[in-house]
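What follows is each chain in one-letter form.
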Amino acid sequence: DAKTTQPNSMESNEEEPVHLPCNHSTISGTDYIHWYRQLPSQGPEYVIHGLTSNVNNRMASLAIAEDRKSSTLILHRATLRDAAVYYCILRPHQGGSEKLVFGKGMKLTVNP
Amino acid sequence: KAGVTQTPRYLIKTRGQQVTLSCSPISGHRSVSWYQQTPGQGLQFLFEYFSETQRNKGNFPGRFSGRQFSNSRSEMNVSTLELGDSALYLCASSFSLAGGGETQYFGPGTRLLVL
């Protein structure tokens, strides 16, 4: 399973943008980059995913490096509700399984 | 649309007992995966069921088993419980129309405490 590397933790201030980095130097050509987050006392929830191009949705943006060896999840205006553990995960498309391989993730603290 | 539901939410058992946890996926979803979350090991994949067949399995001992019913509801069973089995057990579901890589929807989990 392809591996990702994230900082252990980050802090941000409420209503400011926050950039969450992820390194995945061994990514293969068919791996999608997925982000999930886990709020306290809840199951993980999907945030966003992409292959090569930058992606936007109502929750966040995903910026993918041209060589695809790193990516950045961008929360445009952090709120207290965004305080969670964020997981960057590589997944093969149509890989025959819905298995997610979670790393340690990165804990985001949002200060009021 | 109802989300993924798991029952029970909390459970206390003693060593040596066995336990069965239940997961009801989102309506129409055919894939159900199970995960174990502990402070030491984080989130670890247990197994995935698709159309009543185990499609993938993680690196857990045979004491951990599961099954899926024709309505896609799934159960996992842990026999001969050990203290180290204390964990949050999460299930996730998806349509899995493309055979992998789809968004996973997680339930709130069952917190198991083994004494």
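It should be emphasised that the depicted structure is a prediction, and the values quoted were computed from it without experimental measurement. (Residues numbered from 1 in each chain as written. Chains lettered and ligands numbered in written order. Predicted model: local features only at pLDDT ≥ 70, side-chain atom pairs only at ≥ 80, totals over all residues. Heavy atoms only, no water.)

Draft legend 1. Up close: the side chain of S93 of chain B. Residues and elements named next belong to chain B. The residue S93 is located in strand β9 (residues 87-94) in this model. A relative accessible area of 0% means that S93 is categorised as buried. For S93, the contacting residues outside a window of four places in its chain are V4, P25, I26, H29, S31, V32, T103, Q104 and Y105. (Helix = DSSP H or I, 4+ residues; strand = E, 2+ residues; numbered from the N terminus. Buried < 20%, exposed > 50% of the residue type's maximum accessible area, 1.4 Å probe, protein only. Contact = heavy atoms within 4.5 Å.)

Draft legend 2. Quick peek at the sheet that holds strand β3 (residues 31-38) of chain A. Residues and elements named next belong to chain A. Within the open sheet, the 5 strands sit side by side as β1-β9-β8-β3-β4. Their pairing is mixed. Since the sheet does not close on itself, it has two edges, and those belong to β1 (9-13) and β4 (45-50), each with one partner. The mean angle between the axes of side-by-side strands here comes to 25°, regardless of whether they run parallel or antiparallel. Judged from the 8 bridges that link them, β3 and strand β8 (residues 84-92) form a sheet pairing that is antiparallel. Counted as the bridge partner of W35 is C88 from β8. (Pairing = 2+ DSSP bridges. Axes fitted to C-alpha atoms, helices over the stretch in contact; angles between N-to-C directions.)

Draft legend 3. Quick peek at the interface of chain A and chain B. The partner chain B presents 23 residues to the 18 residues of chain A that form the contact. Summed over both partners, the interface of chain A with chain B buries about 1600 Å², with 50% contributed by carbon and sulfur atoms. Among the residues chain A hides against chain B, the three largest losses belong to E98, K99 and F102 of chain A. Together they make up 34% of the total. Connecting chain A to chain B are 0 salt bridges. (Buried area = accessible area lost by both parts, 1.4 Å probe. Salt bridge = Lys/Arg side-chain N within 4 Å of Asp/Glu carboxyl O.)

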